[in-house]
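Tertiary structure, described
Here are the chains, one letter per residue:
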Amino acid sequence: MGDIGKQGTVIKIEPPLPEDLTEELLDFWEAIFEVPCDGYRSILNGSERDDNHDIFYLLRKGEELGGTSHLTISKADPRLGGLGEVATPPEFRRQGIATALCAHTLEDFHAHNGQAFFLGTVNPGAARVYHRLGWRKLAGANVMAFIASGDSPEAFLVDYFREGGPAEVVPATPADRIPMIPLLLCPHDWKVLDANVGMCSTRYAVQNSCMGLYPRYEALAQDGRGAWFALRANQGRVVGLSSVRLDESGHCQVDGFTHQSHTDAWEELMDAALRWGADRGLCCAIVSVEDEDKRVRFESLGLQASGAGGVFSLGDRQVPSIRLEKQ
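Reference entry: report on the structure contained in this document. (Residues numbered from 1 in each chain as written. Predicted model: local features only at pLDDT ≥ 70, side-chain atom pairs only at ≥ 80, totals over all residues. Heavy atoms only, no water.)

1. Thoughts on the packing of aromatic side chains
Keep this limit in mind: Any two of the Phe, Tyr and Trp rings considered here, Trp counted by its six-membered ring, make a pair once their centres fall within 6.5 Å; the pair's planes then place it as stacked at under 30 degrees, edge-to-face at over 60, or tilted in between. Exposure categories follow from relative accessible area, calculated using a 1.4 Å probe and restricted to protein chains: below 20% of the type maximum is buried, above 50% is exposed, and the middle band is partly exposed. A ring is scored as having a charge over it whenever the NZ atom of a lysine or the CZ atom of an arginine sits within 6 Å of its centre and within 35 degrees of its normal.
This model, assessed by the stated rule, comprises 12 aromatic pairs. Aromatic pair Tyr 130 and Trp 135: ring centres 5.7 Å apart, planes at 70 degrees, arrangement edge-to-face. By relative accessible area, Trp 135 is classed as buried at 0%. Joined through ring pairs, the aromatic side chains of Phe 109, Phe 117, Tyr 130, Trp 135 and Phe 146 make up one cluster. Positioned above the aromatic ring of Tyr 204 is the side chain of Lys 191, whose terminal nitrogen or guanidinium carbon lies 4.5 Å from the ring centre. The positively charged end of Arg 280 is found above the aromatic ring belonging to Trp 276, 3.8 Å away from the centroid.

Have a look at this one:
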């Protein structure tokens, strides 16, 4: 992409990346984020090219890697994008590198006619940079969205889900990586949306994650000990999610939720999870005692109360739960 003055030279590259660059980036991110980053390897190798358009931006100062950013545009719903892996090593900070890289991602998002560009940050300094570039914080989350129309993120979400129409339950895939973000950022009436992944409504607890939402669900499917399903509507919109996982006792714990526009499809969504668990062990669910409507819905599927569950954290509150088992 060329030289940008004192900051260095920005390179734009799309998967699959060369093996040596893949290893360099994984080491770079692990050193900065201080968490294992091998989960990015498959994306760097191009495994999601059929589902998402990924673009990586690298800034070099000579031979040294001075910063990165990562734009992901959904192919199922090209209106949506996500920003991640914004990273600068300590010795290169306060030089405008992150700002320059994010500006490049925003330029390309515009070029692809994107409408809503999401990112997550708990860093107040980074949030100020994003705000200057046009991102705005969502209520109930440490997530920001750039809305091309100039509307607030909340107004975009209302319009995005306004359209109803039919929806289909399917096994979740990387195609849901970006479209699941709007669904999980909406304020829902149920306090605990999915106990299997600790997902709560932004109406009751702050959501700190954005691009980290998909990995939390995908981890369920590792080693064949779980699965998850998406309720997909027209234009690739994800309007519901369900999950199932084998717990420590060998029982299959199920959970799930939908957007309020598709509550009539909740039973079908849960049936997918229950069918996965039917041949693997006793199916159960853990429901907050405050989500009475959800408990009634599970009971209509044949699950009955069998005792107390664990405790959910909703902000600064501890809320008990009840365990239901399939009879």
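2. Overview of the side chain of Ser 242
Note the following rule: Each helix corresponds to a stretch of at least 4 residues labelled H or I by DSSP, and each strand to a stretch of at least 2 residues labelled E; elements are numbered beginning at the N terminus. Whenever a nitrogen or oxygen atom comes within 3.5 Å of another N or O atom, the pair is scored as a polar contact, on the condition that within protein one atom can donate a hydrogen and the other can accept it, and that pairs from neighbouring residues in sequence are kept only if both atoms are in side chains. We call two residues in contact whenever any of their non-hydrogen atoms come within 4.5 Å of each other.
With respect to the helices, strands and loops of the structure, Ser 242 is situated in strand 13 (residues 238–246). Among the polar contacts made by the side chain of Ser 242, one reaches the main-chain carbonyl oxygen of Leu 269 at a distance of 3.0 Å. Not counting residues within four places of it along the chain, the set of residues in contact with Ser 242 comprises Asp 194, Ala 227, Trp 228, Phe 229, Asp 255, Gly 256, Leu 269, Met 270 and Ala 273.

3. Thoughts on the sheet that holds strand 15 (residues 283–288)
Think of a sheet as strands paired side by side through backbone hydrogen bonds, with each pair either parallel or antiparallel. Note the following rule: DSSP-based pairing: two strands are paired if at least 2 bridges between them are found. Each axis is a line fitted through C-alpha atoms, and for a helix only the stretch in contact is used; angles between axes span 0 to 180 degrees, taken between their N-to-C directions.
Sheet architecture is open: 7 strands sit in the order 9-12-13-14-15-17-16, paired in mixed fashion. On the outer flanks of this sheet lie strand 9 (167–171) and strand 16 (303–314), each paired with one strand and no other. On average, each strand axis in the sheet is inclined to that of its neighbour by 25 degrees, with strand direction left out of account. Across 9 bridges, strand 16 lies against strand 17 (residues 317–326) in antiparallel orientation. By the bridge assignment for strand 17, Val 311 is matched with Pro 320. Against the sheet, helix 8 (residues 266–278) touches strand 9, strand 12 (226–233), strand 13, strand 14 (252–258), strand 15 and strand 16, its axis set at about 165 degrees to strand 14.

4. Quick word on helix 3 (residues 97–111)
Cut-off, in case you're wondering: Under the convention used throughout, the expected extent of a helix is 1.5 Å for every residue step, that is, one less than its residue count.
Helix length check: helix 3, at 15 residues, gives a terminal C-alpha distance of 21 Å against a target of 21 Å (1.5 Å per residue), a fit within 8%. Ile 97, Ala 100, Leu 101, Cys 102, His 104, Thr 105, Leu 106, Asp 108 and Phe 109 are the residues of helix 3 that are buried. With its phi angle positive at about 60 degrees, Asn 113 sits one or two positions after the end of helix 3.

5. Considerations on the packing of helix 3 against helix 4 (residues 124–133)
Keep this limit in mind: Roughly parallel means an angle under 35 degrees; roughly antiparallel means over 145; roughly perpendicular covers 65 to 115; every other angle is labelled oblique. Left-handed describes a crossing in which the near helix is turned anticlockwise from the far one by less than a right angle; the clockwise case is right-handed. We call Asp, Glu, Lys and Arg charged. Ala, Val, Leu, Ile, Met, Phe, Trp, Tyr, Cys and Pro are nonpolar, and the rest, Gly among them, are polar.
One way to put it is that helix 3 packs onto helix 4 with a least axis distance of 11 Å and a crossing angle of 40 degrees. When the axis of helix 3 is compared with that of helix 4, the two are oblique. The handedness of the crossing between helix 3 and helix 4 comes out as right-handed. Two secondary-structure elements touch here, helix 3 through Thr 99, Cys 102, Ala 103 and Leu 106 and helix 4 through Val 129, Tyr 130 and Leu 133. Across the contact of helix 3 with helix 4, the residue classes tally to 6 nonpolar, 1 polar and no charged.

6. Describing the pairing of strand 5 (residues 80–87)
Our working rule: Seen with its strands pointing away from the viewer, a crossover is right-handed when the path leading from the first strand over the helix to the second is clockwise.
In terms of burial, strand 5 is a largely internal element, 7 of the 8 residues being buried. Sheet topology places strand 4 (residues 64–74) next to strand 5; 5 bridges connect them, and they run antiparallel. In the strand pairing of strand 5, Thr 72 is matched with Gly 82. As consecutive antiparallel partners, strand 4 and strand 5 are separated by 5 residues. Judged from the 3 bridges that link them, strand 5 and strand 6 (residues 116–120) form a sheet pairing that is parallel. By the bridge assignment, Gly 82 is partnered in strand 6 with Phe 118. A crossover links strand 5 with its parallel partner strand 6, the connecting element being helix 3, and its sense is right-handed.

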